[in-house]
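Here is what each chain is made of, one letter per residue.
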Amino acid sequence: MEYEAVIGLEVHAELKTASKAFCSCSTAFGGEPNTHVCPVCLGLPGVLPVINRQVVEFGLKTALALNCRVAPFCKFDRKNYYYPDLPKNYQISQYDLPLATGGYLKINVDGQERVIGITRVHMEEDAGKLVHVDGPGGGYSLVDYNRTGVPLLEIVSEPDLRSPAEARAYMEKLRAILQYLDVSDCKMEEGSLRCDANVSVRPRGSQTFGTKTEVKNMNSFRALQRALEYEIERQIAILEGGGRVEQATMAWDESRGVTTVMRTKEQAHDYRYFPEPDLVPLEIDAAWIERVRRELPELPDARCRRLMDTFGLPAYDAGVITSSRDLADYFDRVVARYPDAKVVSNWIMGDFLRLLNARNLEPGQAPVPPEELADLLELQKEGTISGKIAKQVLEEMFASGKGARQIVQERGLVQISDTAALGKIVDEVLAANPNVVEDYRNGKEKALGFLVGQVMKATGGKANPGLVNKLLKERL
Ligand SMILES: Nc1ncnc2c1ncn2[C@@H]1O[C@H](COP(=O)(O)OP(=O)(O)OP(=O)(O)O)[C@@H](O)[C@H]1O
Ligand SMILES: [Mg+2]
Ligand SMILES: [Mg+2]
């Protein structure tokens, strides 16, 4: 039978406010354990939380960017459970009256656009961090409450996604939007952007949903996609074997590439939600909402459109470049100096991103400033260096941080466009390859390519390819 996957994502994004959600402690990452704490975020008796206005502001920005309806009245609730990383034994969250509902975002996979529903966006607080110490002298856990009370937005999607690739595209789009809004760092590796994936399978064509499992513990986009691919196969195998999928929470094991059961439905928590009595409900007035709406920055879809309209870039290129605000800014700065946008986008999507990825860097951390990349393209355009050498120079720019012109000069990479000098090398190559010359003269067009290659090799890639072609043809 043919099966179809149904996926819905629950995403948590840490907000980049200066202070925590309900107290004035710092949210800075990486401080000494238990130094960013106070009686409020530690949940000591008798304290009163106060909502951080910036959290609501960031929540509003996100809700509006995701095309949600903002609730005129919302409230906080206590989600009760016992765990050592949660000193109050409850998390302040939002339950039945969230900040916003009913939005959507658009994704594009294999050239096909799909609209994915957003069920809700709500505000809550993060828990602390447990550090498990194993090995000799170990066998215990440490707890760091610095993260306790850091504000989160939870963004829940409708079960509209139909493949792991779509889930990844959704997550990437959501990250882009949060980055454009400047409300979160969105680092999956550091946990400032986290994702639980709900997934079920059903026979293709069926209108009802199958039983879902919820997969946790993926800390990269790739892990999200791999975990879903694995889990879908696992569920299909169960159904094919005549079994039934059991509702469960699964953990992705990155090193083994498998999902394992964390808990089944019987072990599911009952959180005993009830309204948080220490915080007043929020009535967000229309003027505040409209002010935030007016001040929304240009978002990825609009910027993508603008790149297509202004520079005539293909949709694919514009999509890749605007997938990160830093990358789009980078592109703009290169194009400001070197206006052939298609050449710039080819270089950025090709060698530039490859070199960044190889170093595990984000576009904002590129060791090559955009002006330097523009210089490199200029050197190629004016014929000072060949395209092949330009690629080498970019590698070296990444490695050394030196400018294009400096590298070209220091290493003597200037393209050979001197007819006399090249002509000599061409003659040598022809003399050394009489059989190939013979082939060419007998009509074997490909032989020319080989001869061009030999000349390039003899000059360490520095020969001007156009001139080499011309000189060869003159002599053949
Ligand atoms: N049958 C299904 N298959 C795949 N995903 C589903 C299915 N049903 C719901 N989802 C998705 O699961 C996510 C969570 O759904 P929902 O909140 O309804 O369930 P829950 O996780 O059991 O409840 P909660 O997290 O609120 O305690 C949503 O993103 C939703 O789109
Ligand atoms: Mg859930
Ligand atoms: Mg939650």
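Residues numbered from 1 in each chain as written. Chains lettered and ligands numbered in written order. Predicted model: local features only at pLDDT ≥ 70, side-chain atom pairs only at ≥ 80, totals over all residues. Heavy atoms only, no water.

## A few points about unusual backbone geometry
With a phi close to 60°, Asn67 is a non-glycine residue in the positive phi region. Tracing the sequence through the fold places Asn67 in the loop between helix H1 (53–65) and strand S2 (69–70). Assessed through its relative accessible area of 34%, Asn67 is described here as partly exposed. Its identity as a non-glycine residue notwithstanding, Asn360 has a phi of 60°, on the positive side. Mapped onto the elements of the fold, Asn360 is located in the loop between helix H8 (341–358) and helix H9 (370–381). (Helix = DSSP H or I, 4+ residues; strand = E, 2+ residues; numbered from the N terminus. Buried < 20%, exposed > 50% of the residue type's maximum accessible area, 1.4 Å probe, protein only.)

## What about the site of ligand 1?
Surveying the vicinity of ligand 1 reveals 15 residues, the closest of which are Glu10, Ser157, Pro159, Asn198 and Ser200. Within the contact set of ligand 1, an oxygen atom lies 3.2 Å away from a side-chain nitrogen or oxygen of Glu10. Within the side chain of Ser200, a nitrogen or oxygen atom sits 2.7 Å from a nitrogen atom of ligand 1. Summarising the interface, the protein chains cover 63% of the accessible area of ligand 1, which totals 610 Å² for the free molecule. Elements with a minimum of two residues in the shell around ligand 1: strand S1 (3–14), strand S9 (151–157) and strand S10 (193–203). Of all the elements, S1 adds the most residues to the shell around ligand 1, at 4 residues. (Near = heavy atom within 4 Å. Polar contact = N/O pair within 3.5 Å; in protein donor to acceptor, adjacent residues only side chain to side chain. Areas by Shrake-Rupley, 256 points an atom, 1.4 Å probe, with all protein chains shown as cover.)

## Quick notes on the domain arrangement of the chain
Interfaces are often sized by the accessible area lost when the parts come together. Domain assignment breaks the chain into domain 1 (3–268), domain 2 (298–410) and domain 3 (419–475). Using only C-alpha atoms to locate each centre, domain 2 and domain 3 end up separated by 32 Å. (Domains from an automatic or database assignment.)

## Focus: the pairing of strand S7 (residues 129–133)
Pairing of S7 with strand S8 (residues 140–144) involves 5 bridges; the strand directions are antiparallel. Each bridged residue has a counterpart across the sheet, and for His132 the counterpart in S8 is Ser141. Count of turn residues in the S7/S8 antiparallel hairpin: 6 residues, of which Gly135 carries a positive phi of about 80°. (Pairing = 2+ DSSP bridges.)

## Topic: the coordination of the magnesium ion (ligand 3)
Within the protein, Glu124 (OE) and Glu154 (OE) serve as the donor atoms for the magnesium ion (ligand 3), at 1.8 to 2.8 Å. Here the residue Glu124 occupies a position in strand S6 (residues 112–125), and Glu154 occupies one in strand S9, the gap between them amounting to 30 residues. When its relative accessible area of 4% is taken as the criterion, Glu124 is described as buried. (Donors = N, O, S within 2.8 Å, 3.2 Å for Na, K, Ca; no water.)

## Examining the pattern of salt bridges
Using the criterion set out here, one finds 43 salt bridges in the structure. Between Asp278 and Arg78 there is a salt bridge, with the nearest N and O atoms lying 3.4 Å from each other. Placement of Asp278 in the loop between strand S14 (274–275) and helix H4 (286–294) and of Arg78 in strand S3 (residues 77–80) is noted, with a sequence separation of 200 residues between them. Using a relative accessible area of 30% as the deciding quantity, one classes Asp278 as partly exposed. Exposure remark for Arg78: the relative accessible area of 13% places this residue in the buried category. Two residues, Glu474 and Lys470, come together in a salt bridge whose shortest N-O distance is 3.5 Å. One end of the pair, Glu474, and the other, Lys470, are both in helix H15 (residues 465–475), 4 residues apart, so they sit about a helical turn from each other. The class for Lys470 is partly exposed, based on a relative accessible area of 48%. Taken together, the shared-partner salt bridges connect Glu2, Glu4, Arg162, Arg202 and Arg204 into one network. (Salt bridge = Lys/Arg side-chain N within 4 Å of Asp/Glu carboxyl O.)

## A look at the pairing of strand S5 (residues 100–109)
Two strands pair when backbone bridges link them, and S2 and S5 are joined in this way by 2 bridges, in the antiparallel orientation. If you follow Val70 over to S5, its bridge partner there is Ala100. Pairing geometry for S5 and S6, over 9 bridges, is antiparallel. Opposite Leu105, over in S6, you have Ile116 as the bridge partner. Hairpin connection between S5 and S6: a loop of 2 residues separates the two successive antiparallel strands, and Asp110 in this loop has a positive phi of roughly 50°.

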